[in-house]
Amino acid sequence: MRRDLTTARLPKWAPAGVAVLATGLGCAIGAGAGLASHIQWGLIAAALFVVLSYGLSARVEGRRQAKDRLATSVVWVAFILAVVPLAALTIYTVQQGLEVLDADFLTHSMKNVISSGPGGGIYHALIGTLEQVLLATLMAAPVGLMTAVYLVEYGRGTLAKWVTFFVDVMTGVPSIVAGLFILSLWNIMLGFDYSGFSGSLALAILMMPVVVRSTEEMLKLVPNELREASYALGVPKWKTILRIVLPTAIGGITTGVMLAVARITGETAPVMMLVFGADAINNDPFNGPQQSLPLYIWQQYSMVNNDFGYARAWGAALVLIFFVMGLNLVARGIARWRSPKGGH
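Described below are features of the structure shown in this document. Computed from a prediction, not measured in an experiment: that's the story for all the values here.

A closer look at the overall build of the protein chain
Argument step 1. Assigned secondary structure in the protein chain consists of 13 helices and 0 strands.
Argument step 2. Secondary structure elements of the protein chain occur, N-terminal to C-terminal, as α-α-α-α-α-α-α-α-α-α-α-α-α.
Argument step 3. Projected onto its principal axes, the C-alpha coordinates of the protein chain cover approximately 90 × 70 × 35 Å.
Argument step 4. Looking at the protein chain as a whole, 37% of its 344 residues qualify as buried.
Argument step 5. The distance from the centre of the 24 positive side-chain charges to the centre of the 18 negative ones in the protein chain is 17 Å.

Written out as structure tokens, the structure reads:
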């Protein structure tokens, strides 16, 4: 009598079928139990999907394969639980923001506009955000880059350990702490007024450890053979770093910098404390209060029972999402463009 060399397997459409069945059962249970929240229906369906996948696989394929199905099901459920809120947030923001997003909204400020009335725009906040983020990048990127070069290429002993320790500490520093530090040092002790540059100093503090960490990891990926080949030709170490190491890792370094820029673009607390906000256009980040998109969103949405303020806040949020999304796309494009090609 011939024995099959392979055990029974579920068809390829089985996971999709189980997902449909679990979704239907979850909705039926949620509706029958009188649960008003669709989130609860979804959680019930997710739990049923995991249980049904394991039970069906154990019956047909055996317990060993069922454990693999269980792990796969849990991963899929975790993925969906992470993606659904992000997708819902994006879709809702687009729906709300498109109602006010037009040319006038992008090219007008809130000067002489009644907060409880229609009109106004984000031009002054957009200008402020671009200038503040640019200044923070000009300060943080070179310092973070040189710090990472020191840690990877020169750092040995106690000093390098302390630098690494403080970079790790700075990575977890809340944004409000950076704002308080600049407020105490720059504004109170040194006597400077509120300005976009004050906010840029706090944003640079938040951006710097991200640049250091990302650049450090990229420099570690550069093969040591490239350095050794350069040294064998008599090239000095500083020139090897400048001509060999940095160009090789420039794609990853640029990506890290762009992601750090995206991280500080949405900061509100330090901007609220140091930039102070303004309704009119201020193109000079070194003199007088300025506006920024995160602060503008908070100010508009904090107006109670003001539909016009809510609409302007959602429009500004949509522009901010587009801005951050654009930075991430640019970072991915640069990384793909500068990544090492096969055969080279």
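Some points on a nonpolar patch on the surface
Argument step 1. Taken together, the side chains of F181, L185, I188, M189, L190 and F192 define a hydrophobic patch exposed on the protein surface, amounting to about 650 Å² of accessible area.
Argument step 2. The residue I188 is located in helix α7 (residues 175–189) in this model.

Quick look at unusual backbone geometry
Argument step 1. Positioned with a positive phi, N112 is a non-glycine residue whose angle comes to about 60 degrees.
Argument step 2. Here N112 lies in the loop between α4 (103–107) and α5 (123–154).

Focus: the pattern of salt bridges
Argument step 1. Evaluated as defined, the whole model comprises 7 salt bridges.
Argument step 2. Of the charged contacts in the structure, one is a salt bridge between R227 and E153, with a shortest N-O distance of 2.8 Å. A residue pair is termed long-range when its members are at least 10 positions apart, and R227 in helix α9 (residues 224–232) and E153 in helix α5 qualify at 74 residues. For the pair formed by R227 and E153, the shared burial category is buried.
Argument step 3. Beyond isolated ion pairs, a larger network of salt bridges with shared partners links D168, R213, E216 and K220.

Concerning the environment of H124
Argument step 1. Topologically, H124 is positioned in helix α5.
Argument step 2. By relative accessible area, which is 2% here, H124 ends up buried.
Argument step 3. A C-alpha to C-alpha distance of 6.2 Å links H124 and Q291, two positions 167 residues apart in sequence.
Argument step 4. Once residues within four sequence positions are removed from consideration, H124 is found in contact with H108, S109, M110, A278, D279, A280, I281, Q291 and Y296.

Some remarks on the nonpolar core
Argument step 1. Of all hydrophobic cores here, the largest spans 36 residues; its most connected members are M207, L219, V257 and I264.
Argument step 2. Listing elements by their share of this core, those giving two or more residues are α5, α7, α8 (196–220), α10 (237–265), α11 (269–274) and α13 (307–338).
Argument step 3. At 11 residues, the largest contribution of residues to this core is made by α10.
Argument step 4. What I264 contacts, discounting residues up to four positions off in sequence, is V133, A136, L203, L206 and M207.
Argument step 5. Counting 14 residues, the second-largest nonpolar core is a separate cluster that includes F105, A311, A313 and V319.

Concerning the environment of V149
Argument step 1. Along the chain, the position of V149 falls in helix α5.
Argument step 2. Separated by 67 residues in the primary sequence, V149 and E216 place their C-alpha atoms 7.0 Å from one another.
Argument step 3. Among all residues touching V149, those that are not within four sequence positions of it are Y154, L219, I241 and L246.

Let's talk about the layout of surface pockets
Argument step 1. There is about 470 Å³ of room inside the largest pocket.
Argument step 2. Around the largest pocket, the lining is made up of 19 residues, and of these G42, A46, I80, L81 and V84 lie nearest the centre.
Argument step 3. Among the elements of the structure, α1 (14–32), α2 (38–60) and α3 (63–97) are those that each provide at least two residues to the lining of the largest pocket.
Argument step 4. Top contributing element to the lining of the largest pocket by residue count: α3, with 8 residues.
Argument step 5. Per-class residue counts for the lining of the largest pocket are 15 nonpolar, 4 polar and no charged.
Argument step 6. The wall of the second largest pocket is formed by L86, L89, T90, T93, W314, A317, L320, I321, V324, M325 and N328.
Argument step 7. Broken down by element, the lining of the second largest pocket gets its largest block of residues, 7 residues, from α13.

Details of the side chain of R312
Argument step 1. Along the chain, R312 falls in helix α13.
Argument step 2. With residues up to four places along the chain from it excluded, the contact list for R312 reads F105, M110, I114, S115, G117, P118, G119, Y296, Q300 and N306.

Things to note about empty space enclosed by the protein
Argument step 1. Summed over the entire model, instances satisfying the criterion amount to 1 cavity of 30 Å³ or more.
Argument step 2. Of the voids in this model, the largest cavity is the one considered here, and its volume is about 50 Å³.
Argument step 3. Taken together, T129, Q132, V133, L203, I264, T265, E267, V271, S292 and P294 make up the lining of the largest cavity.
Argument step 4. Those elements that place two or more of their residues in the lining of the largest cavity are α5 and α10.
Argument step 5. Sorting elements by how many residues they give to the lining of the largest cavity places α5 first, with 3 residues.

Examining the side chain of E267
Argument step 1. Here E267 is to be found in the loop between α10 and α11.
Argument step 2. A distance of 3.1 Å separates a polar atom in the side chain of E267 from a polar atom in the side chain of S175.
Argument step 3. If we ignore the near neighbours within four places in the chain, the residues touching E267 are S175, L203, L206 and P294.

Cut-offs and rules
- Residues numbered from 1 in each chain as written.
- Predicted model: local features only at pLDDT ≥ 70, side-chain atom pairs only at ≥ 80, totals over all residues.
- Heavy atoms only, no water.
- Helix = DSSP H or I, 4+ residues; strand = E, 2+ residues; numbered from the N terminus.
- Buried < 20%, exposed > 50% of the residue type's maximum accessible area, 1.4 Å probe, protein only.
- Lys, Arg positive; Asp, Glu negative; His and termini not counted.
- Charge placed at Lys NZ, Arg CZ, Asp CG, Glu CD.
- Patch = residues over 30% accessible without salt bridge, like charges linked within 9 Å, V, L, I, M, F, W, Y side chains within 5 Å.
- Areas by Shrake-Rupley, 256 points an atom, 1.4 Å probe, with all protein chains shown as cover.
- Salt bridge = Lys/Arg side-chain N within 4 Å of Asp/Glu carboxyl O.
- Contact = heavy atoms within 4.5 Å.
- Core = buried A, V, L, I, M, F, W, Y, C linked by side-chain atoms within 4.5 Å.
- 1 Å grid on protein atoms, 1.4 Å probe; cavity = no way out; pocket = protein on both sides within 12 Å on 5 of 7 lines; lining within 4 Å.
- Points joined across faces, edges and corners; volume = space filled by probe spheres on them.
- Nonpolar A, V, L, I, M, F, W, Y, C, P; charged D, E, K, R; others polar.
- Polar contact = N/O pair within 3.5 Å; in protein donor to acceptor, adjacent residues only side chain to side chain.

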